[in-house]
Amino acid sequence: MLAAAAVSINPDDPLAGLVVGDQPEPVVPEGWTTVTVRAAALNHHDLFSLRGVGLPPERLPMILGCDAAGVSADGDEVIVHAVIGDPARGGGDETLDPKRTLLSELHPGTLAERIAVPRGNLVPKPAALSWEEAACLPTAWLTAYRMVVNRAGLPAGGGGTLLVQGAGGGVSTAALVIGKAAGHTVFVTSRGESKRRRALELGADLAVESGARLPKRVDAVIETVGAATWSHSVRSLRPGGRIVCSGATSGPNPPAELNRIFFLQLSVIGSTMGTRGELADLVELLDHTGTRPLIDDVRPLTDARASFERLADGEVFGKLVLTP
Ligand SMILES: NC(=O)c1ccc[n+]([C@@H]2O[C@H](COP(=O)([O-])OP(=O)(O)OC[C@H]3O[C@@H](n4cnc5c(N)ncnc54)[C@H](OP(=O)(O)O)[C@@H]3O)[C@@H](O)[C@H]2O)c1
């Protein structure tokens, strides 16, 4: 079957190890099922995999991709939850499972015609969501949902103030849209003028250049950029505010800013993906509010390399979708 796979690791030139071509059909363990993929979406995670982050060479070749929507072996329209927990653990929050993996880390990923997934990882796809929209949800949108709704400590009924760093990214655009849907004031930063303009069109209350001073301090920051924006995130918080961090695209070791963190009693909160239940809640939110994931581009899976090149260039606004 057709798939996009990592065949070698190259930290400096990740696309050197990407091959779009024939790969073996999925193997289906006990308790798992197959899904015929109708749409899959790219994430920065796929580039990190090609760089060898979370994907050791002995697991190659590995089909890439965490996000998919498709038709299950029973004929149901489904969205695939990408977090694979340890079945021996017997429930609880799978994101806290020390043995958890994401699709494409240990088991073949979603950039393929067919995939194998645990039956418990299937979430029903509402008819109102297109295949392409549904495919955007399991990683970037789920991560943003958990960060904004369950980790940022914002008032449940809305009225909080949120800063989203790096307005163009998959997680960032999702955090902006979810923050607005939840009734909060949302400020964004971006290095690019056109991305700032598009963020305003998406509903941002203010879009400023990366590092620029905000008109007021915020309750929480959604941080996925890392080193390049960290000090600004710390400086932008009100006393007692929270940074919720799920990524570090520009580097993981910024100056810690400990003086500000203890003096202003700030909280730094890690967040990773979300649970199957949170994915179901996110799907329900979109179904009821009419909010939709922002899609930058849809291409056939055969053109996956072009989409990877765009992701690597960083000139993307929203999600890149591939259709087998
Ligand atoms: N922990 C989790 O569960 C989880 C889940 C999803 C993603 N992540 C992580 O979150 C990060 C974002 O993922 P994504 O898929 O949303 O990636 P993406 O779509 O590629 O996001 C890229 C964005 O990062 C910003 N950026 C990159 N380098 C920057 C720099 N040097 N200075 C300022 N901004 C910079 C850019 O914002 P502007 O150009 O607008 O400034 C760009 O739009 C990645 O590190 C990813 O691994 C983690």
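What you are looking at is a predicted structure, and each value in this text was computed from that prediction instead of being measured.

Engineer: For the side chain of S104, give the residues involved together with the corresponding values.
Structural biologist: Position of S104 among the secondary structure elements: in the loop between strand 8 (101-102) and strand 9 (114-118). If sequence neighbours within four positions are ignored, S104 has contacts with H45, L55, M62, I63, L64, G65, C66 and G109.

Engineer: Tell me about the packing of helix 3 (residues 137-151) against helix 8 (residues 276-289), and name the residues and values.
Structural biologist: Two elements in contact, helix 3 and helix 8, have axes separated by 9 Å at closest approach and are oriented at 90 degrees. Between helix 3 and helix 8, the interaxial angle falls into the category roughly perpendicular. Along its contact with helix 3, which presents L137, P138, W141, L142, Y145, R146 and N150, the element helix 8 presents E278, L279, D281, L282, V283, L285 and L286.

Engineer: Describe helix 3, and please don't skip the residues or the numbers.
Structural biologist: The end-to-end C-alpha distance of helix 3 is 18 Å, clearly below the 21 Å that 15 residues give at a rise of 1.5 Å each. Burial in helix 3 covers these residues: L137, P138, T139, A140, W141, L142, T143, A144, Y145, R146, M147 and V148. Looking at the residues trailing helix 3, positive phi occurs at G153, about 70 degrees.

Engineer: Run through the packing of helix 3 against helix 4 (residues 170-181), naming residues and quoting values.
Structural biologist: In the contact formed by helix 3 and helix 4, the axes pass within 8 Å of each other and the chain directions differ by 50 degrees. Accordingly, the angle class assigned to the pair helix 3 and helix 4 is oblique. Taken as a pair, helix 3 and helix 4 cross one another with a handedness that is right-handed. Across the interface between the two elements, A140, W141, T143, A144, Y145, M147, V148 and V149 from helix 3 touch G170, V171, A174, A175, V177, I178 and G179 from helix 4.

Engineer: Explain unusual backbone geometry to me, and be specific about the residues and the numbers.
Structural biologist: A cis geometry characterises the amide bond from L60 onward to P61, with omega recorded as -5 degrees. As for its position among the elements, P61 is in the loop between helix 1 (44-50) and strand 4 (62-63). Of note, the phi angle at Q265 is positive, near 55 degrees, even though the residue is not glycine. Its place among the elements puts Q265 in the loop between helix 7 (258-263) and strand 16 (267-270). The exposure class assigned to Q265 is exposed, which follows from its relative accessible area of 61%.

Engineer: Report on the environment of H44, specifying residues and quantitative values.
Structural biologist: For H44, the location among the structural elements is in helix 1. We classify H44 as partly exposed; its relative accessible area is 30%. A sequence separation of 15 residues divides H44 from R59, and the C-alpha atoms of the two residues are 19 Å apart. Setting aside chain neighbours within four positions, we find H44 in contact with T249 and L311.

Engineer: Summarise the domain arrangement of the protein chain; cite the residues concerned and give the values.
Structural biologist: By the assigned domains, the protein chain splits into domain 1 (2-136 + 293-323) and domain 2 (140-270). Averaged C-alpha coordinates put domain 1 and domain 2 at centres separated by 26 Å. Contacts between the two partners involve 16 residues from domain 1 and, on the opposite side, 13 residues from domain 2. At the boundary of domain 1 with domain 2, the tally comes to one salt bridge. For D93, the salt bridge is made with R146, and the minimal N-O distance between the two is 3.0 Å. Across the contact surface, domain 1 and domain 2 share four residue pairs in polar contact (both at pLDDT 80 or more).

Engineer: Can you lay out the sheet that holds strand 16 for me, pointing to particular residues and giving the numbers?
Structural biologist: Ordered by their spatial adjacency, six strands build an open sheet running 13-12-11-14-15-16, and the pairing between neighbours is parallel. At either end of the open sheet lies a strand with only one pairing partner, and these are strand 13 (206-209) and strand 16. Put simply, the sheet's adjacent strands are angled 20 degrees from each other on average, direction ignored. Taken together, the three bridges between strand 11 (residues 161-164) and strand 14 (residues 218-223) define a ladder with parallel strand orientation. Of the residues in strand 14, the one forming a bridge with L162 is A220. Lying over the sheet, helix 3 contacts strand 11, strand 14, strand 15 (237-245) and strand 16, oriented at roughly 150 degrees with respect to strand 15.

Engineer: Could you give me a rundown of the sheet that holds strand 1 (residues 2-6), with the residues and numbers involved?
Structural biologist: Pairing within the open sheet is antiparallel, and its three strands lie in the order 2-1-4. Where the open sheet ends on each side, the last strands, each with one partner, are strand 2 (18-22) and strand 4. Bridge count for strand 1 against strand 2 is five bridges, and the pairing is antiparallel. Paired with A3 across the strands is G21, a residue of strand 2.

Engineer: Now, about the UniProt feature "domain: Enoyl reductase (ER)" (unreviewed entry) in the protein chain: what can you tell me, with residues and values included?
Structural biologist: Per the UniProt record, the feature "domain: Enoyl reductase (ER)" (unreviewed entry) sits at residues 13-322. Structurally, residues 13-322 is divided into 27% helix and 26% strand, and its ends, taken at the C-alpha atoms, are 22 Å apart.

What counts as what
Residues numbered from 1 in each chain as written. Predicted model: local features only at pLDDT ≥ 70, side-chain atom pairs only at ≥ 80, totals over all residues. Heavy atoms only, no water. Helix = DSSP H or I, 4+ residues; strand = E, 2+ residues; numbered from the N terminus. Contact = heavy atoms within 4.5 Å. Axes fitted to C-alpha atoms, helices over the stretch in contact; angles between N-to-C directions. Parallel < 35°, antiparallel > 145°, perpendicular 65-115°, else oblique. Expected span 1.5 Å × (residues − 1). Buried < 20%, exposed > 50% of the residue type's maximum accessible area, 1.4 Å probe, protein only. Left-handed = near helix turned anticlockwise from the far one by under 90°. Domains from an automatic or database assignment. Salt bridge = Lys/Arg side-chain N within 4 Å of Asp/Glu carboxyl O. Polar contact = N/O pair within 3.5 Å; in protein donor to acceptor, adjacent residues only side chain to side chain. Pairing = 2+ DSSP bridges. UniProt positions renumbered as here; feature names shortened; annotations may be inferred.

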